[in-house]
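Given next are the chains, with one letter for each unit.
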Amino acid sequence: IDYAPTTVQLPGGERVPFLFTVKELVATGNGGAFKPGFQMGGDFSVPSYRTGLFLDPKGRGGATGYDMAIALPGLQSGEEGDAELFKENNKTFDIGQGRIEMEVNKVNAEESEIGGVFVATQPGDTDMGSKVPKKILTKGIFYAKIQ
């Protein structure tokens, strides 16, 4: 899987966007054969939820768009007020780190398939560097075809 843009809603209504991904995962395991109970895991890269071409509602972006919010030029003169908006105006493409742990609970040797459960942690969206990312914990089931 490369990535899947996803949004979760926290209790209270806050929505947190993140890229569900295992990009550049190199999983290592305990043992030499896939069988029920086999555990594996590793670290992976988490690209920014918003790419450089993404524009925020004020038209600011990492590679395109305005370099400051057009509606607030008086605050962004370089003299006063710009410090408050520095992270909003200076967009970055952040790459975070995630970690996943998986356990195999089903093996179909005839079809070269395995399945099991996983738990992963990764950072959420930073709004192109202007916000501190929330830690996202995902749990689920996985399926893989072994080649």
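Residues numbered from 1 in each chain as written. Predicted model: local features only at pLDDT ≥ 70, side-chain atom pairs only at ≥ 80, totals over all residues. Heavy atoms only, no water.

Time to look at the sheet that holds strand β3 (residues 28-29). A sheet is described by the order of its strands in space; here five strands give the open sequence β3-β4-β5-β6-β7, paired in antiparallel fashion. This sheet does not close on itself; its edge strands, each paired only once, are β3 and β7 (135-145). Where strand β4 (residues 39-47) lies against strand β5 (residues 95-108), nine bridges are found, and the strand directions are antiparallel. Following the sheet pairing, F44 is matched in β5 by G98. (Pairing = 2+ DSSP bridges. Helix = DSSP H or I, 4+ residues; strand = E, 2+ residues; numbered from the N terminus.)

For the rest of this paragraph, the subject is the nonpolar core. Core analysis: the largest hydrophobic core is formed by 11 residues, namely F38, M40, F44, V46, I100, M102, V104, I114, F118, A120 and F142. At the level of elements, β4, β5 and β6 (113-123) are the ones that each hand at least two residues to this core. (Core = buried A, V, L, I, M, F, W, Y, C linked by side-chain atoms within 4.5 Å. Buried < 20%, exposed > 50% of the residue type's maximum accessible area, 1.4 Å probe, protein only.)

Moving on, we come to the pattern of salt bridges. In total, this model carries three salt bridges according to the counting rule given. Here E14 makes a salt bridge to K134, at a shortest N to O gap of 3.5 Å. In this pair, E14 is assigned in the loop between β1 (4-9) and β2 (15-20) and K134 in the loop between β6 and β7, connecting sequence segments 120 residues apart. On the basis of relative accessibility, which here comes to 40%, the residue E14 falls in the partly exposed class. Between R99 and E101 there is a salt bridge, and its shortest N-O distance comes to 2.8 Å. Through salt bridges with shared partners, a single ionic network connects D43, R99 and E101. (Salt bridge = Lys/Arg side-chain N within 4 Å of Asp/Glu carboxyl O.)

One ladder, built from nine bridges, connects β5 with β6; its direction is antiparallel. By the bridge assignment for β6, E103 is matched with V117. The antiparallel pairing of β5 with β6 creates a hairpin that spans four residues between the two strands, and S112 there sits at a positive phi of about 55 degrees. Relative to β7, β6 is paired through 11 bridges, and the arrangement is antiparallel. The partner of G115 across the bridge, within β7, is Y143.

So, about the pairing of β1. Bridge analysis of β1 against β2 gives six bridges, and the strand direction is antiparallel. Looking across to β2, one finds that P5 is bridged to L19. The turn joining β1 and β2, which pair antiparallel and follow one another in sequence, is formed by five residues; a positive phi near 100 degrees is taken by G12.

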